[in-house]
Every structure is written in structure tokens, then in C-alpha cells.
Amino acid sequence: MNTVCKTIPQDPQVPDWGSLELAPTWADELDLTRPSGLWRFFKALQGERQRVEVDREHALFRSIPKYALQEFHSLPNGNYSSKIARGYITGFDRAMLGHMHRIRSEIASRVADCEAVLDLGTGGGKLAAAVKRLGVADVWGADVSPYLLKHAATDYPEVNFIQSPAESLPFNNERFDAVVVSFLLHEMPPKYARQALAEAYRVLRPGGRLLITEPSENQLKPVKLSSLLRPAGWRHLYFKSLADRVHEPFVMAWHQLDKPAAFAEAGFALDQHRDDIPINFYSLKKCSA
Ligand SMILES: C[S@@+](CC[C@H](N)C(=O)[O-])C[C@H]1O[C@@H](n2cnc3c(N)ncnc32)[C@H](O)[C@@H]1O
């Protein structure tokens, strides 16, 4: 098994995340060990959502699309603080009751025979790291939040993490055997989600695979009282309550998007689709041009 990562000359430079200083934002100043800090935190969770504050002078913040600078998931300053980003990495998995861990393991095992894999919207890097653990030599993760990327690089130094919007990737054509995507596309306006699919097509080799997991739209349907006689009914109730509470500005647009048509338009053939609460899964293959 080859575990040595070989970059090619045209690849983007991987920042030395460890030595990169990211300016603290107001959310870093919340002292969650004090009642006053906790009060501000919960007020932010329930308050009106706003544009997040970042250091626009810093090169790493200039390429972040405006639509991504929002308080996603109702988090104070969104994904843009060291403290909240760290809490989000663990909190997201806990809130998803083990489903994220299971789907990441499944996706990783489906691409374990590849040499080069890219994880789009990598966040804390857990999917990229799961792929790397199964022996894939050349694993990259791309995201827009420098705070999440710095945590990802600290936790998984064996992966190459770069900052890039999914809709405009700094890689050569046909660079990867597989592209994996976990809970990214529903956070993008459909126009940019389509561009991200087109970029995934461009960076995949012919016949390359695109594996996508996103939230299930079925969890938004009303919960039938009779379904509560079964564990699946309680699961539905839990995930519906969660989905109803967190701020996800583009999730309805994603649910309304005609996904099979969008995949076909980007040049992909749909191999497999599974829709379980709370997770939708798509396995796609790059068709020849
Ligand atoms: C719900 S999180 C999922 C993180 C990770 N994939 C996981 O499954 O744990 C969505 C991630 O997408 C990133 N993101 C949002 N818009 C993006 C874009 N245009 N390009 C790349 N990443 C983006 C966010 O910064 C965040 O890390």
C-alpha cells in the first residue's frame, strides 16, 4: 500500500497552516465557561442572522464567496472563528448521531482503490482523513473557511488542505480519480452548486467517480404520529426538529433542484441513489465528453 503523497508541479501550494496566524473574531472572545459568555452565545444562536465579520485585508479571506459569509447553522460568526469552528467539528457529528461517521466510512471504502482523491467542502477534514486512512496516497481537502482548514491540518497533517471555493478549483484537468462531497452543495446557491459539479467533472479523469452525501429532503416532511411506534419515526422527529431550527439559507433551493438533471448537465451518469433520513447519497461516474 502506497502512503506517500506525491504532489505534481502544477498543484496549488499547500499553506503551512500551523504557522498561519488567523485574526480572532468576536466569536473567539465568547468565554463559554462564564454565564455572560454563554448568554451571548445563546443570544447569538437565537438572534437575527447576519453577515459574518472577517479580516477582508487578509489574502485568505478575499476569495471567500459572499454567500458563504453568513451564520450557517445559527453559529456565532458562522465558520469564521477558531473557537466556534472547533466546537462545530465535534458538535456536528454529535448532532448527527453517528450517521456522518457511517457515511464517511462508506464513501472512503468506495474510493479506497484510488490514487488521488479530492474532498470538496472538507470542513474539519474528517472525510479526507478517512480516505487517507484506507491507504489512498494522494488526498486533498478544499474548503473556504481558513479557521476550519487550520483545525483540519492540525488534526490530519497527512492530508493536503487548501483554501478554495468548490466552484473554482486550482487543479489541472483530470487530476483526480475520485471527488467526494459531504454536506457541501446544500450550502451553496444552486447556480454555484452547478458550477461546483462542473469543476468536479473537469478535475476528474475519464470514468472518475463523484460521491455525494447531502441532507435528505424527506426529513422535512411532517412526522406521522403513528410512525412514533417505530424507531424510524423518532429518528424522523429528531432530524426534522434539528433541520427546522438551524439556519441553512440555501437548503430549500437544493431540495428543489432537479438533481438528476443537474448531474447529467454536468456530464455525470448516476450509478446509485439512496435516500434515508437523515442522509441522501449519490454515486456518479464521469461520462466521456
Ligand atoms: C456542513 S459543512 C460539512 C463539512 C464536512 N464536509 C463534513 O462533512 O463534516 C459544509 C462545509 O462547506 C464549506 N463551504 C461552504 N461553501 C463552500 C464553497 N463554495 N466551496 C468550498 N467549501 C465551502 C464550509 O466552510 C463548511 O466547511
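Here the structure is shown first, and the text comes after it.
Since the structure is predicted, the reported quantities are computational estimates derived from the model, not experimental observations.

Engineer: I would appreciate a short explanation of the overall build of the protein chain in the present structure.
Structural biologist: Of the regular secondary structure elements, the protein chain holds ten helices and seven strands. Taken over the C-alpha trace, the protein chain has a radius of gyration of 19 Å; the compact-globule value for 289 residues is 19 Å, and the two agree within 12%. A principal-axis box enclosing the C-alpha atoms of the protein chain has dimensions of 55 × 50 × 35 Å. Sequence separation of 24 or more characterises 69% of the internal contacts of the protein chain that already satisfy a separation of 6 or more. Summed over its atoms, the accessible surface of the protein chain is roughly 13800 Å², and 54% of this surface lies on carbon and sulfur atoms.

Engineer: Where do I start with the pattern of salt bridges in this structure?
Structural biologist: Pairing is possible between side chains that carry opposite charge, provided their charged atoms lie close to one another. Scanning the entire structure with this criterion turns up 15 salt bridges. Among the ionic pairs, D177 bridges to R205, the shortest N-O distance being 2.9 Å. Here R205 lies in strand β5 (residues 204–215) and D177 lies in strand β4 (residues 176–182), a separation of 28 residues in the sequence. In this structure D177 comes out as buried when scored by relative accessible area, which is 16%. Here R205 falls in the partly exposed class, since its relative accessible area comes to 32%.

Engineer: Explanation requested: the site of the ligand in the structure shown.
Structural biologist: Neighbouring the ligand are 23 residues, the closest being Y67, G121, D143, A166 and S182. G121 places a polar main-chain atom, nitrogen or oxygen, 2.7 Å from a nitrogen atom of the ligand. Measuring from a nitrogen atom of the ligand, one finds a backbone N or O atom of A166 at 2.8 Å. Secondary structure elements with two or more residues in the shell around the ligand: α3 (82–95) and α4 (99–110).

Engineer: Could you clarify how one ought to interpret unusual backbone geometry in this entry?
Structural biologist: Trans peptide bonds make up most of the peptide bonds, and negative phi angles are found at most residues other than glycine. With omega at 10 degrees, the peptide bond leading from I277 into P278 counts as cis. By the secondary structure assignment, P278 is in the loop between β6 (268–276) and β7 (279–286). Despite not being glycine, H73 has its phi angle at roughly 60 degrees, a positive value. A relative accessible area of 14% places H73 in the buried class. The backbone phi angle of F183 is positive, close to 55 degrees, even though this residue is not glycine. Inspection of the secondary structure puts F183 in the loop between β4 and α7 (190–203).

Engineer: What is the right way to look at the environment of A232 in this model?
Structural biologist: Relative to the assigned elements, A232 resides in helix α8 (residues 231–245). Looking at A232, the relative accessible area reads 35%, which means it is partly exposed. Taking the C-alpha atoms as reference points, A232 and V203, 29 residues apart in sequence, are found 39 Å from one another.

Engineer: Just to check I follow, could you spell out the sheet that holds strand β1 (residues 116–120) for this structure?
Structural biologist: Either a parallel or an antiparallel arrangement is found when strands of a sheet pair, and the pairing is made through backbone hydrogen bonds. The seven strands lie next to each other as β3-β2-β1-β4-β5-β7-β6, forming an open sheet whose pairing is mixed. Among the strands making up the open sheet, the edge pair consists of β3 (160–163) and β6. Here the strands of the sheet are splayed against their neighbours by 15 degrees on average, with no regard to which way each runs. Inspection of the sheet shows β1 paired to strand β2 (residues 138–143) by five bridges, in the parallel sense. Counted as the bridge partner of A116 is D138 from β2. In the packing of helix α5 (residues 126–133) onto the sheet, contacts are made with β1, β2, β3 and β4, and the angle to β2 comes to roughly 180 degrees. Along the sheet face, α7 touches β1, β4, β5, β6 and β7 and points at about 145 degrees away from the line of β5.

Cut-offs applied
- Residues numbered from 1 in each chain as written.
- Predicted model: local features only at pLDDT ≥ 70, side-chain atom pairs only at ≥ 80, totals over all residues.
- Heavy atoms only, no water.
- Helix = DSSP H or I, 4+ residues; strand = E, 2+ residues; numbered from the N terminus.
- Rg over C-alpha atoms; globule rule 2.2 N^0.38 Å.
- Contact = heavy atoms within 4.5 Å.
- Areas by Shrake-Rupley, 256 points an atom, 1.4 Å probe, with all protein chains shown as cover.
- Salt bridge = Lys/Arg side-chain N within 4 Å of Asp/Glu carboxyl O.
- Buried < 20%, exposed > 50% of the residue type's maximum accessible area, 1.4 Å probe, protein only.
- Near = heavy atom within 4 Å.
- Polar contact = N/O pair within 3.5 Å; in protein donor to acceptor, adjacent residues only side chain to side chain.
- Pairing = 2+ DSSP bridges.
- Axes fitted to C-alpha atoms, helices over the stretch in contact; angles between N-to-C directions.

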